[in-house]
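Each chain, written out:
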Amino acid sequence: MEKRVLIAVVLSIAVMYGYSILFPPPKQLPPEQVQNSAVPLQAKSSPVKNLPLPGEVSSSVAVKTVTDAKDVTVENDVFRAEFSTMGGALKKLTLKHYKDKAGAAGKDITLIKETSQDLFSFSSEYPGFASSPVQYSASSSNISLTGSEKKSIDFSLVTPDGIQLIKRFTFSGGSYGITLDNIIQNRSTSVQDGSLLTILRNHSVKPAEEAGRYEVFGPTILSESGVTFDSIADLAKAEKTYAKSVKWTGFGDKYFLDAVMSKDNSINSVSMKDINGVLEQRISSAKISLNPGTESVISYNLYVGPKDLGILKAQGEDLERAIDLGWFAIIAKPLLHAINLFNGYLHNYGLAIILITVILKILFFPLTNKSYKSMKEMQKLQPKMQELKEKFKDD
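Thresholds applied
Along every chain, residues carry numbers that run from 1 in the direction the sequence is written. Restriction of local features to residues with pLDDT of at least 70 applies here, the model being predicted, together with a cutoff of 80 or more for giving and counting side-chain atom pairs; totals for whole chains, interfaces and linings are based on all residues. Note: side-chain values were computed over all heavy atoms of the structure, leaving out hydrogens and water. Helix and strand definitions here come from DSSP, where helices need a minimum of 4 consecutive H or I residues and strands a minimum of 2 consecutive E residues; each element is numbered from the N-terminal end. Here the term buried applies to any residue with accessible area under 20% of the maximum for its type, exposed to any over 50%, and partly exposed to those in between, with areas from a 1.4 Å probe on protein chains only. Any two residues having at least one pair of non-hydrogen atoms within 4.5 Å are treated as being in contact. Throughout, the Shrake-Rupley method with a 1.4 Å probe supplies accessible areas, and for residues the shown protein chains are the sole cover considered. Every case where a carboxyl oxygen of Asp or Glu lies within 4 Å of a side-chain nitrogen of Lys or Arg is listed as a salt bridge. Every axis corresponds to a line fitted to the C-alpha atoms, with the helix fit spanning only the stretch in contact, and the corresponding angles, defined between N-to-C directions, vary from 0 to 180 degrees. To sort the angles, those under 35 degrees are grouped as roughly parallel, those over 145 as roughly antiparallel, those from 65 to 115 as roughly perpendicular, and the leftovers as oblique. In this classification, the charged set is Asp, Glu, Lys and Arg, the nonpolar set is Ala, Val, Leu, Ile, Met, Phe, Trp, Tyr, Cys and Pro, and all remaining amino acids, among them Gly, are polar. Any two strands with at least two DSSP-identified bridges between them are counted as paired. Residues enter a nonpolar core if they are buried and are Ala, Val, Leu, Ile, Met, Phe, Trp, Tyr or Cys, with the set joined through side-chain atoms within 4.5 Å. Residues qualify for a patch when their relative accessible area is over 30% and they have no salt bridge, like charges being joined within 9 Å and the nonpolar side chains of Val, Leu, Ile, Met, Phe, Trp and Tyr within 5 Å.

Scanning the protein from N- to C-terminus turns up six helices and 22 strands. Within the protein, the proportion of its 395 residues that are buried is 43%. Considering only residue pairs separated by 6 or more positions, the protein has 65% of its internal contacts joining residues 24 or more positions apart. A total of about 21,900 Å² of accessible surface is found on the protein, and carbon and sulfur atoms cover 58% of it.

Encoded structure:
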């Protein structure tokens, strides 16, 4: 028995190794490692600081009349994205290292692709400061970056009341993470009160194809009560709000996730509601009160990418907990770490799984061997037990 198992394992390794040589997987660039500190208890109001020159509008964000929405493209080592000046929102994002099918016929996976501004994600609203929808001007029409480079794009607007709004996205060359700084400046001569809403939108109807990918499908949030996976059906019936120690909120399927993470207590509350097949998560800041010549900066970390344990953990804020490993997480998580570790050396998940299997087989060999011996002893007793059954069959 042991010889047949050993031969089968050796042949499996040989086949997988030969396949990996003939059909090598495409190399993927490692994500940029980002470390974030833990978030303390939330503040009740957004911090405010003085502007250097009250009443003066920066030349880089001067008042402009924008009549038509324009697209801004961003490309780094891991994704290609398109943002719209309407709402300063994300309308399309394609991953560069993940394909919809294996082989040469596989195409890059597009996680977000919208044409209607009502469905753009990471859009902003400013209750009390500006009417919606917000139409910005952009500081650049496109940017590209690689490696350790960092670049930013500003979406800006000055309202008739003298409120200057700047929405600054900062990208890294090798990372799925994006930093979003929302800067609200009071350039007027009176006190201005309001708040900031950042809106994450996702289609809530499961696609008919790729059923395996959508076995897991829906919103998830990490708050004071822990990680919660809400039912889309329940959210279609009633809105749900989280208002205590929200670290992040997002929407994901089995393999991919888009999320908004708190930075310095920036998430005051999150309300979720499914309306006509679109799940909308409205992420609210604390109330903002600006005296003349002051500004407030509300920052978030954004993520759109794979549910890779190492990549999610690098984003901080316990984002890796968005992966639901169920009741067996205590066993599954170490195995997942081990598979990723071996894949880093072998560059083939098939070989990594076989290696894990062999190691587990060796670790449990004493128990398995004892079980085999017990079975053989029972087999020796079978003839005698059969004789006793025949002898006493009438009893």
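There is more to say, and it comes next.
Applying the stated criterion across every chain yields a total of 12 salt bridges. The closest approach of N and O atoms between Asp108 and Arg80, which form a salt bridge, is 2.9 Å. Note that Asp108 is positioned in strand S5 (residues 108-113) and Arg80 in strand S3 (residues 79-84), a separation of 28 residues in sequence. Since its relative accessible area comes to 23%, Asp108 is described here as partly exposed. With relative accessibility at 31%, the residue Arg80 sits in the partly exposed group.

What follows concerns the packing of helix H5 (residues 349-363) against helix H6 (residues 365-391). Put simply, H5 and H6 touch, their axes get as near as 5 Å, and they point 60° apart. Of the possible angle classes, the one that applies to H5 and H6 is oblique. Here Lys361, Ile362 and Leu363 of H5 lie close against H6, whose contacting residues are Phe365, Pro366, Thr368 and Tyr372. Tallied by class, residues from the contact of H5 with H6 come to five nonpolar, one polar and one charged.

Time to look at the sheet that holds S5. The sheet built from five strands is open, its strands ordered S5-S4-S3-S2-S8 with mixed pairing. The strands lining the two open edges of the sheet, one partner per strand, are S5 and strand S8 (142-144). On average, adjacent strands in this sheet sit at an angle of 10° to one another, irrespective of strand direction. Here four bridges tie strand S4 (residues 89-99) to S5, and the two strands are oriented antiparallel to one another. By the bridge assignment, Leu93 is partnered in S5 with Ile112.

Taken together, five strands build an open sheet; the order of strands is S6-S13-S20-S19-S16 and the sheet is antiparallel. With one partner strand each, in any of the chains shown, strand S6 (123-125) and strand S16 (240-242) form the two edges of the open sheet. On average, each strand axis in the sheet is inclined to that of its neighbour by 25°, with strand direction left out of account. Pairing of S6 with strand S13 (residues 197-203), which is carried by three bridges, proceeds in the antiparallel orientation. Across the sheet, the residue bridging to Glu125 is Leu197, located in S13.

Here we come to the nonpolar core. Core analysis: the largest hydrophobic core is formed by 65 residues, its most contacted members being Phe79, Phe83, Tyr126, Phe171, Ile184 and Tyr300. Apart from residues no more than four positions distant in its own chain, Phe79 is found in contact with Val74, Leu93, Thr94, Leu95, Lys96, Phe171, Ser175, Tyr176 and Ile178.

What follows is about a nonpolar patch on the surface. Residues Ile330, Ile331, Leu335, Leu341, Tyr345, Leu346, Leu355, Ile359, Leu360, Leu363, Phe364 and Leu367 make up a contiguous nonpolar surface patch of roughly 1,200 Å² in combined accessible area. At the level of elements, helix H4 (329-346) and H5 are the ones that each hand at least two residues to the nonpolar patch. With six residues, H4 is the single largest residue contributor to the nonpolar patch. Along the chain, Leu355 turns up in helix H5.

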